[in-house]
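Chain by chain, the residues:
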Amino acid sequence: MTKALIIGGGIAGAVTAMALHKAGIDAELFEEYPTGADDVGAFLVVFANGLEALRVIDAHGPVVAASFPAQRVRVLDDHGEQLGERPIAGTGQGTGLGPRTLRRATLYQVLHAEAARRGIAVRHGKRLTGAETVHTAHGTKVVAAFADGSRAEGDLLIGADGVHSVTRGLLDPAAPRPRYTGRNTVCGYTRDTAAQLAPDTYTMIFGKRAFFGCTRAPDGEIWWFANVPGTERDAGPGAVPAAEWRRRTAALFADDDTPAAGLVRATDRVVASGAYDLATTPTWYDDTMVILGDAAHAAAPNAAQGASMAIEDALVLAICLRDRPDPRSAFAAYEELRRERVEKVVAASAGMAALAAPGPGGRPARPAPPERRTADGSAGADDWLTGYRIAW
């Protein structure tokens, strides 16, 4: 049986392992961190296209059970005036699977629990430092080396190791570095009951100096995020204390007539991370190694399609490996199927980020109607995945 070494035990890695398992390919996950569920404070949306891809490998149930629906988006200006409202694109017409909101750590946990149920091994504390292709009398193998001195051998290596991917650099030392967008994503949770928010709805606010979004969970807790200007030095873990992030974020919305500043001030704990993107990566694969997810194509968070694109990648790669005679031809087919789609989403997300950024004089230009700001990846997902449902 073919054996795959998957570098990175996050969302992309766990789904890739399950997709390969369904394709009859053995997989082993190698995670750099000693324990899982990193980035515990952040939350995300898995769109209908991501959920449909999970359904193809029978892994959507735990994600749906651990999340709540996101059905509409409502857009306000800095005066609290409504600019528009519409259903969120990709609501899963015909599939029953609409966009779902959940904590990143929760998504990690339910995917890993499902992978473990299927007998997929995860090795923690394994930071990749190198990999080489070895030709033997029995065929071609790839040998991965880790910082703790251990090694692992397989028939192929899949880099699902995120925007700062080590695997990408091994494939091409001249590969472009991810671009810091000049923004940090700050998020938090509060039970402030003063803000009146409709259920299953994201309220998006174009403030004078920053962009804010929030939604209400079924238990009444409000989940919020803000795109906060900053420097890359601020983006590192722990570089700025949480209390300082709260102060900075609240100050950005203090002059707006919206709930944003009050929600931030009412939050006991906030978390922040730098926003990066990677418009294009020239080299996705060689004879034995390939990259997917953020390692190959990182989008700024504005389109909220990062997780769903990685999940789609995993499904397509697994089918190509199942149906092609050797890894390199499978990798080539996977890139041909995926590159145009994911690069469109990266570009769309960058355009949305530019729209949300303050314009001259601090206040952003009046945004386009909501329906014009939809990333391609969140629409047309059902049609795009039809062939993969038939294939499995």
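As the structure is a prediction and not an experimental result, all values here were calculated from the model.

## Observations regarding the pattern of salt bridges
Working step 1: In the structure shown here, the tally under the stated rule is 27 salt bridges.
Working step 2: Notably, a salt bridge pairs Glu85 with Arg72, separated by 3.1 Å at the nearest N-O pair. With Glu85 in strand S6 (residues 82-87) and Arg72 in strand S5 (residues 72-77), this pair connects stretches of sequence that are 13 residues apart.
Working step 3: Residue Asp313 is joined to Arg338 by a salt bridge in which the shortest nitrogen-to-oxygen separation is 2.6 Å. Taken together, the residues span a long stretch of sequence, with Asp313 in helix H9 (residues 306-323) and Arg338 in helix H10 (residues 327-356) at a distance of 25 residues.
Working step 4: Take Arg338: its relative accessible area is 0%, and that puts it in the buried class.
Working step 5: Each of Asp234, Glu244, Arg247 and Arg248 takes part in salt bridges that share partners, so that together they form one network.

## Describing the packing of aromatic side chains
Working step 1: Following the criterion strictly, the structure yields 13 aromatic pairs and no others.
Working step 2: Note on Phe30 and Phe146: the rings are 4.9 Å apart at their centroids and 20° apart in plane angle, and the pair reads as stacked. On the criterion of sequence distance, the pair formed by Phe30 in strand S2 (residues 26-31) and Phe146 in strand S10 (residues 139-146) is long-range, its members being 116 residues apart. The residues Phe30 and Phe146 share a single accessibility class, namely buried.

## Brief notes about the nonpolar core
Where a protein is soluble and globular, its nonpolar side chains tend to be buried together.
Working step 1: Counting 69 residues, the largest nonpolar core has Leu20, Leu107, Leu111 and Ile158 as its most contacted members.
Working step 2: In terms of residues, this core owes the most to one element, H9, which gives twelve residues.
Working step 3: Judged by nonpolar contacts, the second largest core, of 22 residues, contains Leu197, Val228, Ala261 and Leu263.

So, how was this worked out
Within each chain, residue numbers correspond to sequence positions counted from 1 in written order. Local features are withheld for residues below a pLDDT of 70 in this predicted model, meaning they are given only at 70 or higher, and side-chain atom pairs are given and counted only at 80 or more; totals for whole chains, interfaces and linings count all residues. Values reported for side chains reflect all heavy atoms of the structure, with hydrogen atoms and water molecules removed beforehand. Salt bridges are defined as contacts in which a side-chain nitrogen from Lys or Arg sits within 4 Å of a carboxyl oxygen from Asp or Glu. Here a helix means four or more residues in a row that DSSP labels H or I, a strand means two or more in a row labelled E, and each is numbered from the N terminus. Remark: exposure states derive from per-residue accessible area (1.4 Å probe, protein chains only) relative to the maximum for the residue type, with buried under 20%, exposed over 50%, and partly exposed in between. Note on aromatic contacts: the rings of Phe and Tyr and the six-membered ring of Trp form a pair at centre separations within 6.5 Å, being stacked when their planes are under 30 degrees apart, edge-to-face when over 60 apart, and tilted otherwise. Take the buried residues of types Ala, Val, Leu, Ile, Met, Phe, Trp, Tyr and Cys, join any two whose side-chain atoms come within 4.5 Å, and each joined set is a nonpolar core.

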